[in-house]
Amino acid sequence: MTQYSKSPPEKIKPSFSGHETFPFRYTWLKKGVDAVKNDPAVFSSDRATITLGVGKNMVRSIRHWCITAGFIQASADRKRFEPTPLGSAIFADGGFDPYLEDTATLWLIHAQLAANADRATTWYWAFGVFAQSEFGKKKFTADLMDWSERSGAKRIAENSIKRDVDCFLRTYVSSRLTQTTILEDSFNCPLVELNLISDSADETTFLFHRGPKDSLPTEVFAAALSQFWDSNFYGRSSLALGEITYSPKSPGKIFKLDVDSVVQYLEEVETLTDGALRYDETAGLKQVYRDRKISPMNLLSRYYGKSYNK
């Protein structure tokens, strides 16, 4: 079974900037959602630094991460924003998990980023296309640049991709404190907790951790599967196990799961959804059948034990 394609699987518009080199911090996403709820034009106003309590570069970074993770959305002129239903459900006071205290929310944020090919291209490529488990930063960067150019994008400056790769790695790998480390740079991104990537002692080699994910709830897996199904195979009533495990944006790829782990989740999903999704192995065919659509938001609401405003 082919695990990945060296050719870009879809037409995308690669982007390697917007975060101002900052991975997001624990309070940033809620700050951004709250800010646009109170003032839709906050990100285009001089009040943004005061409202958010950060410098101008970090204001732009907060806006980037909130948009990229799907928690706020812009008006046509991109000067006014509003929380998305998902952003409100998670970050509103009394929401699912406004202060990121549940690891499930981190998995959800990770899935949102890894599926956003246009705004988080490195994240998408790393968790959707790149097939190696162990890698060095230099080769990783070169392969990403080659892939992005073959996707039809205009040539992108190598330094831009290098900075994006640095930010990507700091999203998942804990920073190492040294005597020259700036305090602001020592704050780890919440996604470090997922333990998806580790580095060697000399920080030259990195390793994706593929296999079971004990902290990943079935409800989050099922929500990611439903979103993957609707956005890539809308109208299909069944998907092959290989598509769910190896396709870009699939739960298997995004969460770095092995086949056995995916099968275990699929078996649990059948019970969770009362048979709306059914995993079946018949005559050598391993498929998931969808008898009726399921709402990702309903799945999340069930997990957190809280309702949400539709």
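Residues numbered from 1 in each chain as written. Predicted model: local features only at pLDDT ≥ 70, side-chain atom pairs only at ≥ 80, totals over all residues. Heavy atoms only, no water.

Peer 1: Kindly report on the overall build of the protein chain, identifying the contributing residues and their values.
Peer 2: Regarding its fold elements, the protein chain presents 13 helices and 8 strands. Counting only C-alpha atoms and orienting by the principal axes, one finds that the protein chain spans roughly 60 × 45 × 35 Å. Across the 310 residues of the protein chain, 51% fall into the buried class. For the protein chain, contacts bridging at least 24 residues in sequence account for 63% of all contacts bridging at least 6. Accessible area for the protein chain stands at about 15000 Å²; split by element, carbon and sulfur atoms hold 48% of it. With 39 positive and 38 negative side-chain charges, the protein chain shows a spacing of 7 Å between the two charge centroids. (Helix = DSSP H or I, 4+ residues; strand = E, 2+ residues; numbered from the N terminus. Buried < 20%, exposed > 50% of the residue type's maximum accessible area, 1.4 Å probe, protein only. Contact = heavy atoms within 4.5 Å. Areas by Shrake-Rupley, 256 points an atom, 1.4 Å probe, with all protein chains shown as cover. Lys, Arg positive; Asp, Glu negative; His and termini not counted. Charge placed at Lys NZ, Arg CZ, Asp CG, Glu CD.)

Peer 1: Can you lay out the pairing of strand β7 (residues 277-282) for me, pointing to particular residues and giving the numbers?
Peer 2: Bridging between β7 and strand β8 (residues 285-290) involves 6 bridges; their strand directions are antiparallel. The residue of β8 that forms the bridge with glutamate 281 is lysine 286. Hairpin connection of β7 to β8: 2 residues between the antiparallel strands, including alanine 283 at a positive phi of 55°. (Pairing = 2+ DSSP bridges.)

Peer 1: Lay out the nonpolar core in plain terms, naming residues and giving numbers.
Peer 2: Phe168 and Phe255 are the most contacted members of the largest nonpolar core, which totals 100 residues. Apart from the residues lying within four places of it in its own chain, the contact partners of phenylalanine 255 are Trp107, His110, Ala111, Leu196, Lys213, Leu216, Val220, Phe221 and Ala224. (Core = buried A, V, L, I, M, F, W, Y, C linked by side-chain atoms within 4.5 Å.)

Peer 1: Lay out unusual backbone geometry in plain terms, naming residues and giving numbers.
Peer 2: Of note, lysine 249 is a non-glycine position whose phi angle comes to about 75°, a positive value. For lysine 249, a relative accessible area of 16% puts it in the buried group. Even without a glycine there, the phi angle at aspartate 274 is positive, about 55°. With respect to the secondary-structure elements, aspartate 274 resides in the loop between α12 (259-272) and β7. Residue classification places aspartate 274 among the exposed residues on the basis of a relative accessible area of 62%.

Peer 1: So, the pattern of salt bridges: which residues are in play, and what are the values?
Peer 2: Tallied over the full model, the rule gives 12 salt bridges. When the shortest N-O distance is used, the salt bridge between aspartate 34 and lysine 30 registers 2.9 Å. Note that aspartate 34 and lysine 30 are positioned in helix α1 (residues 28-38) at a spacing of 4 residues, about one turn of the helix. In this structure, glutamate 243 and arginine 236 form a salt bridge, with 2.9 Å as the shortest nitrogen-oxygen distance. Here the residues in one salt-bridge network are Lys30, Asp34 and Asp93, joined through shared partners. (Salt bridge = Lys/Arg side-chain N within 4 Å of Asp/Glu carboxyl O.)

Peer 1: Give a description of the packing of helix α5 (residues 103-114) against helix α6 (residues 121-128) that names residues and reports values.
Peer 2: Contact pair α5 / α6: the axes reach a minimum separation of 7 Å and the direction vectors enclose 100°. Regarding the angle of α5 to α6, the classification is roughly perpendicular. Residues His110, Leu113 and Ala114 of α5 pack against Trp123, Tyr124 and Phe127 of α6. Taken together, the residues of the contact of α5 with α6 break down into 5 nonpolar, 1 polar and no charged. (Axes fitted to C-alpha atoms, helices over the stretch in contact; angles between N-to-C directions. Parallel < 35°, antiparallel > 145°, perpendicular 65-115°, else oblique. Nonpolar A, V, L, I, M, F, W, Y, C, P; charged D, E, K, R; others polar.)

Peer 1: Which residues make up the side chain of threonine 218, and what values go with them?
Peer 2: Turning to its location among the elements, threonine 218 is positioned in helix α9 (residues 218-232). A distance of 2.6 Å separates a polar atom in the side chain of threonine 218 from a polar atom in the side chain of glutamate 268. Not counting chain neighbours up to four residues away, the residues in contact with threonine 218 comprise Tyr265, Glu268, Val269 and Leu272. (Polar contact = N/O pair within 3.5 Å; in protein donor to acceptor, adjacent residues only side chain to side chain.)

Peer 1: Just give me the short version of the environment of threonine 105, but keep the residues and values in it.
Peer 2: Among the structural elements, threonine 105 can be located in helix α5. A sequence separation of 86 residues divides threonine 105 from leucine 191, and the C-alpha atoms of the two residues are 9.8 Å apart.

Peer 1: Which residues make up the pairing of strand β5 (residues 205-208), and what values do they have?
Peer 2: On a regular strand, each side chain points to the face opposite its neighbour's, so the side chains alternate between the two faces of the sheet. Only one face of β5 is covered, namely the one carrying Phe206 and Phe208; the face carrying Thr205 and Leu207 has none of its residues buried. In terms of strand pairing, strand β3 (residues 134-136) meets β5 through 3 bridges, oriented antiparallel. For phenylalanine 135, the partnering residue across the bridge sits in β5 and is phenylalanine 206. Two elements, strand β4 (residues 197-199) and β5, share 3 bridges in a ladder whose sense is antiparallel. Bridging across to β5, serine 198 finds its partner in leucine 207. Linking two consecutive strands that pair antiparallel, namely β4 and β5, is a turn of 5 residues; a positive phi of about 60° is found at glutamate 203 within it.

Peer 1: Which residues make up the sheet that holds β7, and what values do they have?
Peer 2: With antiparallel pairing, the 3 strands of this open sheet are ordered in space as β6-β8-β7. Only two strands of the sheet have a single partner each, and these edge strands are β6 (238-240) and β7. Between one strand axis and the next, the sheet turns through 25° on average, direction left out of account. Docked against the sheet, α9 engages β6, β7 and β8, running at close to 90° with respect to β8. Helix-sheet contacts for α12 involve β7 and β8, and the interaxial angle to β7 is about 125°.

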